[in-house]
Amino acid sequence: SFDLGESSRKWDELYVNVIRSAKFDTLLPNQLTTTIGTAAEPFNVIHARTIATTKFTGDITFDIIRNNRSKGLKWLGLDDYHEIYVEEYSNSNNTRLVIDSGNNTQDSTVFKNNGDDKLEIKTDKVEAHENLQANKKIIVSDGTGNGVSIEYNNAIGAMEFKFI
C-alpha cells in the first residue's frame, strides 16, 4: 500500500498538474487496489488539472443523494463558479438536473446550436436569440397565479389572450 503525507496528517486531496507518463493506475471508487490515504480514510476527491491524451471511453457516474445534491461538474476561477449536478428535493425520488451559473450577476448559461447562441439564462431574464415556439400556450404571471395566457385557437384561427 502507499501512504501519502505524514502519518499524523494524511492528505485529504491530491492535486495533479500534468500526467505525461505511459504508466498509470485506474482509480475506481470502492474498487481501489491501491490505498490512497489510509484504509480508514481513503481519498474521496482527486483533482486533475491536465491529463494529457486521455479520453473517456465510458460514462462518468455520480450517485444521486436523497434530499440533497449530487456531486457533479464544477468550474472555479475568476471569482466565478459554474456547476452541473442533480438534486433530489422531496425525499420521494423526484430529481432535477441543475445548471448553476454562479454568484456574479453578469454570468449566464447559454444553450448553443452549431456555435450560435439560441437560449440564454441570465440572473433576471431568459433570452431567446431565435424564434421562440410554444406548441401549447405561453403563460406570463406574477408567480401568484395572476397574469395572462397566450394561446393559438385553431377553431377561430387566431391568438387568444386570456387574463388569469
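**Let's talk about unusual backbone geometry**
At N67, a residue that is not glycine, the phi angle is positive and equals roughly 55°. If you trace the backbone, N67 turns up in the loop between β4 (45-48) and β5 (73-77). You will see that D79, though not glycine, has its phi angle at about 60°, which is positive. The class for D79 is exposed, based on a relative accessible area of 74%.

**Brief notes about the side chain of S149**
With respect to the helices and strands, S149 occurs in strand β12 (residues 147-153). Residue S149 is classed as buried on the basis of its relative accessible area, which comes to 4%. Beyond its immediate chain neighbours, meaning those up to four positions away, S149 contacts K137, I138, I139, E160, F161, K162 and I164.

**A word on a nonpolar patch on the surface**
Where nonpolar side chains cluster on the molecular surface, the patch consists of I60, F62, L73, W75, I84, L97, I99, F111, I121 and V126 and spans about 920 Å² of accessible area. Here F111 shows up in strand β8 (residues 109-113).

**Points about the packing of aromatic side chains**
All told, the structure shown has zero aromatic pairs when counted by the stated rule. One Lys or Arg, R69, reaches over the ring of Y85 and ends 3.7 Å from the middle of that ring. Positioned above the aromatic ring of Y89 is the side chain of R96, whose terminal nitrogen or guanidinium carbon lies 5.1 Å from the ring centre.

**Considerations on the sheet that holds β12**
The pairing of strands in a sheet comes from backbone hydrogen bonds and takes either a parallel or an antiparallel form. Read across the open sheet, the three strands follow the order β11-β12-β13; overall the sheet is antiparallel. In this open sheet, the two edge strands, each paired with only one partner strand, are β11 (137-141) and β13 (158-163). Strand-to-strand twist across the sheet, computed as the mean angle between neighbouring axes with direction ignored, equals 15°. Inspection of the sheet shows β12 paired to β13 by six bridges, in the antiparallel sense. Within β13, the residue paired with N153 across the bridge is A158.

**Thoughts on the pattern of salt bridges**
Evaluated as defined, the whole model comprises nine salt bridges. Measuring nitrogen to oxygen at the nearest pair gives 3.4 Å for the salt bridge that ties E127 to K125. Its relative accessible area of 22% is what places E127 among the partly exposed residues. Relative accessible area serves as the criterion here: at 42%, K125 is assigned to the partly exposed category. For K162, the salt bridge is made with E160, and the minimal N-O distance between the two is 3.6 Å.

Parameters and conventions
Residues numbered from 1 in each chain as written. Predicted model: local features only at pLDDT ≥ 70, side-chain atom pairs only at ≥ 80, totals over all residues. Heavy atoms only, no water. Helix = DSSP H or I, 4+ residues; strand = E, 2+ residues; numbered from the N terminus. Buried < 20%, exposed > 50% of the residue type's maximum accessible area, 1.4 Å probe, protein only. Contact = heavy atoms within 4.5 Å. Patch = residues over 30% accessible without salt bridge, like charges linked within 9 Å, V, L, I, M, F, W, Y side chains within 5 Å. Areas by Shrake-Rupley, 256 points an atom, 1.4 Å probe, with all protein chains shown as cover. Salt bridge = Lys/Arg side-chain N within 4 Å of Asp/Glu carboxyl O. Phe/Tyr/Trp six-rings, centres within 6.5 Å; stacked < 30°, edge-to-face > 60°. Lys NZ or Arg CZ within 6 Å of the ring centre and 35° of its normal. Pairing = 2+ DSSP bridges. Axes fitted to C-alpha atoms, helices over the stretch in contact; angles between N-to-C directions.

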